[in-house]
Amino acid sequence: MTTSSSWDSGSCGGCRRKAWTRRSAALSASMQANEKDSAVVFDPARSRLLVFFEVSSFGGKPHSTGSLERIQLSGMYNVRKGKMQLPVNRWTRRQVILCGTCLIVSSVKDSMTGKMHVLPLIGGKVEEVKKHQHCLAFSSSGPQSQTYYICFDTFTEYLRWLRQVSKVASQRISSVDLSCCSLEHLPANLFYSQDLTHLNLKQNFLRQIPSLPAARGLNELQRFTKLKSLNLSNNHLGDFPLAVCNIPTLTELNVSCNALRAVPAAVGVMHNLQTFLLDGNFLQSLPAELESMHQLSYLGLSFNEFTDIPEVLEKLTAVDKLCMSGNCMETLRLQALRKMPHIKHVDLRLNVIRKLIADEVDFLQHVTQLDLRDNKLGDLDAMIFNNIEVLHCERNQLVTLRICGYFLKALYASSNELVQLDVYPIPNYLSYMDISRNRLESVPEWVCESRKLEVLDIGHNQICELPARLFCNSSLRKLLAGHNQLTRLPERLERTLVEVLDVQHNQLLELPPSLLMKADSLRFLNASANKLETLPPATLSEETSSILQELYLTNNNLTDKCVPLLTGHPHLKILHMAYNRLQSFPASKMAKLEELEEVDISGNKLKAIPTTIMNCRRMHTVIAHSNCIEVFPEVMQLPEMKCVDLSCNELSEVTLPENLPPKLQELDLTGNPRLTLDHKTLELLNNIRCFKIDQPSAGDASGAPAVWSHGYTEASGVKNKLCVAALSVNNFCDNREALYGVFDGDRNVEVPYLLQCTMSDILAEELQKTKHEEEYMVNTFIVMQRKLGTAGQKLGGAAVLCHIKHDPVDPGGSFTLTSANVGKCQTVLCRNGKPLPLSRSYSMSCEEELKRIKQHKAIITEDGKVNGVTESTRILGYTFLHPSVVPRPHVQSVTLTPQDEFFILGSKGLWDSLSIEEAVEAVRNVPDALAAAKKLCTLAQSYGCHDSISAVVVQLNVTEDSFCCCELSASGAVPPPSPGIFPSSVNMVIKDRPSDGLGVPSSSSGMASEISSEISTSEMSSEVGSTASDEPPSGALNESSPAYPSEQRCMLHAVCLSNSFQRQLSSATFSSAFSDNGLDSDDEEPIEGVFINGSRVEVEVDIHCSRAKEKERQQSLLQVPPEASDEGIVISANEDEPGLPRKADFSAVGTIGRRRANGSVAPQERSHNVIEVATDAPLRKPGGYFAAPAQPDPDDQFIIPPELEEEVKEIMKHHQEQQQQQQQPQLQQQPPQRQYPVDQLPDYYDTPL
């Protein structure tokens, strides 16, 4: 079979596809003239025709392609036919094409002229070949099946082919899926098979009468005489397709979201129709002819324009569910429901119902399930539904609620304003009741009499006391009573069968003495955020019957006296006792908790973790940050260890075994200022996926804090997936700005890391176009939406950005904080100790957002998600949900004042667990930003959060004298000695470079250090560490040093030499070999001042004061002579590692220490001097989802042996003496005016090693 093919690709809003069409030379000339975009292949195994379905793919609306032929997947790969064991078959390079449902392999290298081998894939299989890398085996079905082995060049192509072919192989010839294909008309080859029973055409651009004369419209659908299921949803038809009425076999028809305004009377002839979906249209009435559909059992009328229940439903006796959510009903007339005795389930959520009108109706005995969620009800008397089993009335405005309890099984009434709840008679079948987030002051008496009640949620009320009879209920298994005003629990407890007890966030001073002895079935107890000082005993003897497995006691007043009582729970697996008053944990007590798997004892005053933790062989998580631990525990010898957090302690050294635990994924040692790690330890810790350590500060403190300092932390959620990311840039753009961000992908990892690595670059570019806060923030999010490319089509993520800037044009101006967010990532500012929200969470609870969603006729599922995908109506990604879901952020700007203490950025998991008031109060008195962020994360986890969490805390120190004083030197005035944002800096300048000298390497070419950069302490801080310290390096020159210009500088601007500039390493641009996400866009103009080299983007930033920019200055790239590394200059080698997305933290650029591939910064070893060798710029390497630039590898270091250490020190001492001798005559010849000629610069400056 001779064919020809040509390339053409595009993208559509719903999904990314590459479609291919072929013409067969075997077809007749007339068929070729009419069916240019089709091909037919005969399959002898099936003895029938296989249809190749071709799809046009484009951005937006379809376009005519003429004779252009398209493909789905294509490429030149190594191919082998037949069995792998036969030596006669050899690997050859051939063109391979995935055409519709067939695999086509060229017989010769030139696929345009040679014979094509066709392998039908429907009913076949695709398998992984483990003996060869990136190899797949494609097999056809039937007795004469054939197999082709194809080796792909990259893992990305391998995955793409595996997913696409697996989908094809699983299809049946009787069903065709052409959804999301951007079709304007039906493809002609669709009609070659008249045996289709299932046809999916949703989310296209189909028309009943196509614009092209030869094209086939929806009127041709009646040719399918065996069709049973037809999906035409999301095609914006405008009018009902009458042709479907002539398909007698049709049993399921979906015409949702087509902007239909009327249903024709002709639908009455579809007597076999059982399911009829009309959701998401503009219908206001239904024709009476629907009553002839006697077999119709499901009719979807949700999200239309109905103001009342259609009368025709009275005749549809087979329909048992009334689906009318999202309409415009303001009143519910129960008389209409009385005329429909066949209706058992009534779904009227998301209407605007304000009252129920009974009209002298006695009882509605046929209604068993009633859903009135998200309406406007103030009171609800549901006694008329005397057979009600399930009632949903969440998120109304209910103050009183009356229900008939004869057959009541489940009651959902959360998020109202209930003060009274009456159920009569006593519900003997009630098993689940959720009345949380109301205003109840006591538990209703009838609750204690419900014999089958298993789950009771009364959290977030105003309840002061729980009745003792409640615990005597023999069926109660789960009691959630957190966030109330309980001061005590019932003292005398008989045998209770409660398994889960949550009493967090109350005012409990103690737990009942008999609680743990009587509750034999208790497996879970959360008593966090109370005022407990001790715990009740589990037993009065050595034997215990406790089966307690999870115990959460965080944020109480527990002391060492409660630790021995823990031994009464030998089956304890999870123990959280963070932020109490523990000073010690006896080793003998820890030894008895052998089944312990996770322990969190952060925020106490512990000086050591007992060595008997070795008895806990199942331990996998140890969190003990914010203590006084001095000795590294022996947790590294536990075989199941995965996560160890010992940050914010007083560790001085780390003792490790020869082999680390094989499952170890995270080790956090940040916030230990006295910690010293030798190179052997660093080399061993390099194998950990996430190893965090901050820079040791050097030199004397400047005596004043910075204007802002930050700390952040991240914690993985279920299945150890870290679906969040944080961004922290202390010196953004020109060192007078800062940028912080938090990104949450819910359950996906890809989008948060893309946002983290890209948004700072986009914002920097938008700042060059406009200075208006709302404009550049909105533009940043819109551009980011496009940059996500295919990664953002079916995935999405929430984001919040905070930008601090100062207007250099206004000398008396202050700092402005601008926050922008989409999704549930939010920012809150602490001003005068009170929270000031700067973000807004857009969801269905917002009236204007719900109205907008209804206008676009999106379907909101019962879990409150748009099309069942996301709860947020404004979020990045999910482009296939546009225009219902948009990326436009909420933007708010405030001027920072001395009353502003700090602000917090948090992901969804943080704000779902903590209120903004509680978060502000929790960290207000924590002096260190890193410790504050850690505390927020720990509290959220102890309060019940199981999602990934990210928290950023930025502490502020805005003073009244934060003004620009650049021009004061002109008048001779000396500004007050107020500290600036930036400490004294170090400049390394090399003169008299030889012609063949080594050029200064940029960050993008593999060098992490900039020889002429100003290095502040914040630039050398850890990725997750706090930057509160403002201490200059030990080798920093003070203001009186001749290395500084004599010109006065203000507190808002850094000192910079007239012949030097500063480059900051910006975040990376990415090219995804996996998903073609479009991040390496070639159609963009380059940003001014941006240098691109390899896969790294470098931004050149001038940090001179704007008032001094008129002064003449000279910028040049300084070069390092080849012998520079022998003269004590530290150069960091930064070779890219594939597959590791770089965290966009500008604060890590510096010459002291090194940034690790996992994002941490390893400190310079104190007993040896490290000289890192500059290497050539690394090539871009493929790998992983995104070829992100990586951090320096510890192997790329040249370490001085101990025997040469003294010699190197002598060399450095000799050069320091030379420097002092050269500076001596310069000081004598220096003119009185504060000018600094270039020719008087010393050859180099002393740098800390």
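Parameters at a glance
- Residues numbered from 1 in each chain as written.
- Predicted model: local features only at pLDDT ≥ 70, side-chain atom pairs only at ≥ 80, totals over all residues.
- Heavy atoms only, no water.
- Helix = DSSP H or I, 4+ residues; strand = E, 2+ residues; numbered from the N terminus.
- Areas by Shrake-Rupley, 256 points an atom, 1.4 Å probe, with all protein chains shown as cover.
- Pairing = 2+ DSSP bridges.
- Axes fitted to C-alpha atoms, helices over the stretch in contact; angles between N-to-C directions.
- Phe/Tyr/Trp six-rings, centres within 6.5 Å; stacked < 30°, edge-to-face > 60°.
- Buried < 20%, exposed > 50% of the residue type's maximum accessible area, 1.4 Å probe, protein only.
- Core = buried A, V, L, I, M, F, W, Y, C linked by side-chain atoms within 4.5 Å.
- Contact = heavy atoms within 4.5 Å.
- pLDDT = per-residue confidence, 0-100.
- Parallel < 35°, antiparallel > 145°, perpendicular 65-115°, else oblique.
- Left-handed = near helix turned anticlockwise from the far one by under 90°.
- Nonpolar A, V, L, I, M, F, W, Y, C, P; charged D, E, K, R; others polar.
- Patch = residues over 30% accessible without salt bridge, like charges linked within 9 Å, V, L, I, M, F, W, Y side chains within 5 Å.
- Salt bridge = Lys/Arg side-chain N within 4 Å of Asp/Glu carboxyl O.
- Disulfide = S-S within 2.5 Å.
- Expected span 1.5 Å × (residues − 1).
- Bend = angle between axes of the 7 residues up to and from the residue.

Chemist: I'm lost on the overall build of the chain in this one. Help?
Modeler: For the chain, the helix and strand inventory stands at 14 helices and 57 strands. Here the chain has roughly 51,300 Å² of accessible surface; of this, 48% comes from carbon and sulfur atoms.

Chemist: Please clarify how the sheet that holds strand β8 (residues 135-139) should be interpreted in this entry.
Modeler: Where strands meet in a sheet, backbone hydrogen bonds hold them as pairs that are either parallel or antiparallel. Here we have seven strands laid out as an open sheet, ordered β6-β5-β4-β3-β9-β8-β7, and antiparallel in their pairing. Of all strands in the sheet, those bounded by a partner on one side alone are β6 (116-120) and β7 (125-129). Each strand axis lies, on average, 35° off the axis of its neighbour in the sheet, ignoring direction. As paired elements, strand β3 (residues 73-81) and strand β9 (residues 147-151) share four bridges and run antiparallel to each other. Its bridge partner lying in β9, K81 is registered against Y148.

Chemist: What should I look at first to understand the packing of aromatic side chains in this one?
Modeler: Between two aromatic rings, the relevant description is the distance of the centres plus the angle of the planes. In the structure shown here, the tally under the stated rule is eleven aromatic pairs. Here the aromatic rings of F155 and Y158 are separated by 5.8 Å at their centres, their planes lie at 25°, and the arrangement is stacked. On the criterion of helical spacing, the pair formed by F155 and Y158 is a turn pair, its members being three residues apart in helix α2 (residues 155-169). For F155, a relative accessible area of 44% translates into the label partly exposed. Here the aromatic rings of Y740 and F903 are separated by 6.2 Å at their centres, their planes lie at 65°, and the arrangement is edge-to-face. With Y740 in strand β40 (residues 737-744) and F903 in strand β47 (residues 900-906), this residue pair connects regions lying 163 residues apart in the sequence. Here Y740 and F903 have matching classes, each one buried. Here the aromatic residues Y77, F138, F152 and W161 are joined through ring pairs into a cluster of three or more.

Chemist: Got a minute to help me understand the nonpolar core in this structure?
Modeler: Counting 161 residues, the largest nonpolar core has L221 and L401 as its most contacted members. When residues of this core are traced back to their parent elements, those giving at least two are α3 (334-338), β21 (379-382), β23 (400-404), β25 (420-424), α4 (468-471), α5 (515-518) and α7 (679-685). A total of three residues in this core trace back to one element, the largest contributor, which is α3. Those residues in contact with L221, other than ones at most four positions away along the chain, are L186, L199, L201, L230, L232, V244 and I247.

Chemist: For this particular structure, what's the right way to read the confidence of the model for the chain?
Modeler: In regions of low pLDDT, the predicted coordinates are not meant to be interpreted in detail. Scored by pLDDT, the chain comes out at a mean of 75, with 69% of its residues at no less than 70. Long-range and interchain partners of residues 698-704, a stretch whose pLDDT sits below 50, account for 17 contacts in this model, where long-range means more than four residues apart. With pLDDT under 50 throughout, residues 963-1198 is counted as low confidence; its partners more than four residues away or in other chains account for 622 contacts.

Chemist: I'm lost on the environment of S175 in this one. Help?
Modeler: With respect to the helices, strands and loops of the structure, S175 is situated in strand β10 (residues 175-177). In sequence terms S175 and L196 are 21 residues apart; their C-alpha atoms lie 5.8 Å from each other. Those residues in contact with S175 that sit more than four places away from it in its chain are L196 and H198.

Chemist: What's the story with helix α12 (residues 916-923) in this structure? I'm lost.
Modeler: Since there are 3.6 residues in each turn of an α-helix, residues three or four apart along the chain are aligned in direction. Burial in α12 covers these residues: E918, A919, V920, A922 and V923. If you follow the buried residues of α12, they end up packed against β43 (826-831), β44 (834-837), β47, α11 (908-913) and α13 (929-942).

Chemist: Got a minute to help me understand the packing of helix α8 (residues 750-767) against helix α9 (residues 773-787) in this structure?
Modeler: To describe two helices that pack against each other, one gives the angle between their axes and the distance between the axes. Interhelical geometry of α8 versus α9 gives an angle of 135° and a closest axis separation of 9 Å. Compared by their axis directions, α8 and α9 come out oblique. Our pair here, α8 against α9, has a crossing hand that is right-handed. On α9, the residues touching L754, L755, T758, M759, I762, L763, E766 and L767 of α8 are Y776, M777, N779, T780, F781, V783, M784 and K787. Classifying every residue of the contact of α8 with α9 gives eleven nonpolar, three polar and two charged.

Chemist: I keep staring at unusual backbone geometry and nothing clicks. Help me out?
Modeler: Glycine aside, negative phi is the norm for most residues, and most peptide bonds take the trans geometry. Looking along the chain, the bond that leaves Y424 and enters P425 is cis, with omega of -5°. Assignment of secondary structure puts P425 in the loop between β25 and β26 (432-434). With an omega of 5°, the peptide bond running from H882 to P883 counts as cis. Of note in the backbone geometry, S182 takes a positive phi value of approximately 60° without being a glycine. If you check the backbone angles, H236 has positive phi at about 55° while not being a glycine. For H236, a relative accessible area of 52% gives the class exposed.

Chemist: It is not clear to me how the sheet that holds β21 should be interpreted in this structure. Could you clarify?
Modeler: Taken together, three strands build an open sheet; the order of strands is β21-β23-β25 and the sheet is parallel. Here the strands that pair on one side only, and so sit at the sheet edges, are β21 and β25. Across this sheet, the average inter-strand angle for adjacent strands is 10°, counted without regard to direction. The sheet contact formed by β21 and β23 spans four bridges and is parallel. Pairing of L380 across the sheet is with L401, part of β23.

Chemist: Is there a simple way to explain a nonpolar patch on the surface in this structure?
Modeler: A cluster of nonpolar side chains, Y406, F407 and Y429, forms an exposed patch at the surface whose accessible area comes to about 330 Å². Tracing the backbone shows Y406 in the loop between β23 and β24 (410-412). Of the residues examined, Y406 reaches a relative accessible area of 49% and is grouped as partly exposed.

Chemist: Looking at this structure, I do not really get the pattern of salt bridges. What am I missing?
Modeler: Tallied over the full model, the rule gives 31 salt bridges. Between D153 and R93 there is a salt bridge; the shortest N-O distance is 3.1 Å. Taken together, the positions of D153 in the loop between β9 and α2 and R93 in strand β4 (residues 92-99) put the pair 60 residues apart, joining distant regions of the chain. Between E499 and R477 there is a salt bridge, with the nearest N and O atoms lying 3.8 Å from each other. Here the residue E499 occupies a position in the loop between β28 (478-480) and β29 (500-502), and R477 occupies one in the loop between α4 and β28, the gap between them amounting to 22 residues. What makes R477 partly exposed here is its relative accessible area of 29%. Beyond isolated ion pairs, a larger network of salt bridges with shared partners links D371, R373 and E862.

Chemist: I'm lost on the pairing of β7 in this one. Help?
Modeler: In regular strands, side chains alternate between the two faces of the sheet. When β7 meets β8, the two strands line up antiparallel, connected through five bridges. Looking at β8, one finds that E128 is bridged to L136. Counted between consecutive antiparallel strands, the loop separating β7 from β8 contains five residues, among which H134 sits at a positive phi close to 55°.

Chemist: Explain the state of the cysteines here, please?
Modeler: Two cysteines, two sulfur atoms, one covalent bond between them: this is a disulfide. Under the definition given, this model contains zero disulfides. Of the cysteine sulfurs around C937, a residue in no disulfide, the closest is that of C945, at 8.1 Å. A relative accessible area of 6% places C937 in the buried class.

Chemist: Is there a simple way to think about the pairing of β3 in this case?
Modeler: Direction of pairing for β3 relative to β4: antiparallel, over a ladder of seven bridges. Bridge pairing in β4 links S74 to I97.

Chemist: Is there a simple way to think about α8 in this case?
Modeler: With 18 residues, α8 extends 26 Å between its outermost C-alpha atoms, agreeing within 8% with the 26 Å of an ideal straight helix rising 1.5 Å per residue. Considering bend angle alone, the principal kink of α8 is centred on T758 and spans about 40°. Summarising burial for α8: 18 of the 18 residues are buried, a large majority.

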